[in-house]
Amino acid sequence: ARFAAAGQRGQRLRQALEGLSGLTFTPAAGEASWLLVALDAQVAGQSAAQVASRLREGQPSVWVGVQEGALNFDLGTVSEGDEQVIARQVRAALG
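Residues numbered from 1 in each chain as written. Predicted model: local features only at pLDDT ≥ 70, side-chain atom pairs only at ≥ 80, totals over all residues. Heavy atoms only, no water.

1. Quick word on the overall build of the protein chain
1) Next: Helix and strand content of the protein chain: four helices and four strands.
2) Next: Its helices and strands taken in sequence order, the protein chain reads α-β-β-α-α-β-β-α from the N to the C terminus.
3) Next: A compact globule built from 95 residues should have a C-alpha radius of gyration of about 12 Å, and the protein chain, at 12 Å, falls within 12% of that.
4) Next: Projected onto its principal axes, the C-alpha coordinates of the protein chain cover approximately 40 × 25 × 20 Å. (Helix = DSSP H or I, 4+ residues; strand = E, 2+ residues; numbered from the N terminus. Rg over C-alpha atoms; globule rule 2.2 N^0.38 Å.)

2. Details of the packing of aromatic side chains
1) Next: Counted according to the given criterion, the structure contains zero aromatic pairs.
2) Next: Note that R56 overlies the ring of W63, its terminal NZ or CZ placed 5.4 Å from the centroid. (Phe/Tyr/Trp six-rings, centres within 6.5 Å; stacked < 30°, edge-to-face > 60°. Lys NZ or Arg CZ within 6 Å of the ring centre and 35° of its normal.)

3. A few points about the nonpolar core
One recurring pattern in soluble globular proteins: nonpolar side chains tend to sit buried together.
1) Next: One finds L13, L55, L71 and F73 to be the most contacted residues of the largest nonpolar core, which totals 25 residues.
2) Next: Those elements giving two or more residues to this core turn out to be α1 (2-17), β1 (23-27), β2 (34-39), α3 (48-57), β4 (70-74) and α4 (82-94).
3) Next: Per element, the largest residue contribution to this core is five residues, and it comes from α4.
4) Next: Apart from the residues within four sequence positions on either side, L55 is in contact with P60, S61, V62, V64, F73, Q89, V90 and A93. (Core = buried A, V, L, I, M, F, W, Y, C linked by side-chain atoms within 4.5 Å. Buried < 20%, exposed > 50% of the residue type's maximum accessible area, 1.4 Å probe, protein only. Contact = heavy atoms within 4.5 Å.)

4. Regarding the packing of α3 against α4
The packing of two helices is summarised by the inter-axis angle and the distance between the axes.
1) Next: In the contact formed by α3 and α4, the axes pass within 9 Å of each other and the chain directions differ by 120°. As summarised for this structure, α3 and α4 are arranged oblique, according to the angle between their axes. Here α3 and α4 pass one another in a crossing that is right-handed. Where α3 abuts α4, its residues V51, R54 and L55 lie against Q89, V90, A92, A93 and L94.
2) Next: Partitioning the contact of α3 with α4 into residue classes produces six nonpolar, one polar and one charged. (Axes fitted to C-alpha atoms, helices over the stretch in contact; angles between N-to-C directions. Parallel < 35°, antiparallel > 145°, perpendicular 65-115°, else oblique. Left-handed = near helix turned anticlockwise from the far one by under 90°. Nonpolar A, V, L, I, M, F, W, Y, C, P; charged D, E, K, R; others polar.)

5. Observations regarding unusual backbone geometry
1) Next: A cis amide bond links Q59 to the next residue, P60, at an omega of 0°.
2) Next: Mapped onto the elements of the fold, P60 is located in the loop between α3 and β3 (65-67).
3) Next: Despite not being glycine, E68 has its phi angle at roughly 50°, a positive value.
4) Next: Checked against the element boundaries, E68 lands in the loop between β3 and β4.

6. Description of the confidence of the model for the protein chain
1) Next: Looking at the protein chain, pLDDT values average 90 and 93% of them are 70 or higher.
2) Next: When the elements of the protein chain are averaged for pLDDT, β1 gives the smallest value, 87, and α3 the largest, 97. (pLDDT = per-residue confidence, 0-100.)

Spelled out as structure tokens, the structure:
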């Protein structure tokens, strides 16, 4: 049940970020508790590491892993509803 809830948060985060230029998503399908958001630095104008740094410095702060040019969100550590806060912060960090 815990993984299913995290998977649902991942799906909602993905839906909130869809449509932003330069982002692709893996997987947040089914019961995956994580969401990998690949970032095309050419399109986004900044690297995943730069976005992660801006997320950490934001208010509220969002801590995210960086893996091979992608942001790695572990939704198992996110409270219900906070995926919308994360989406707002990602949008702000991308400018």
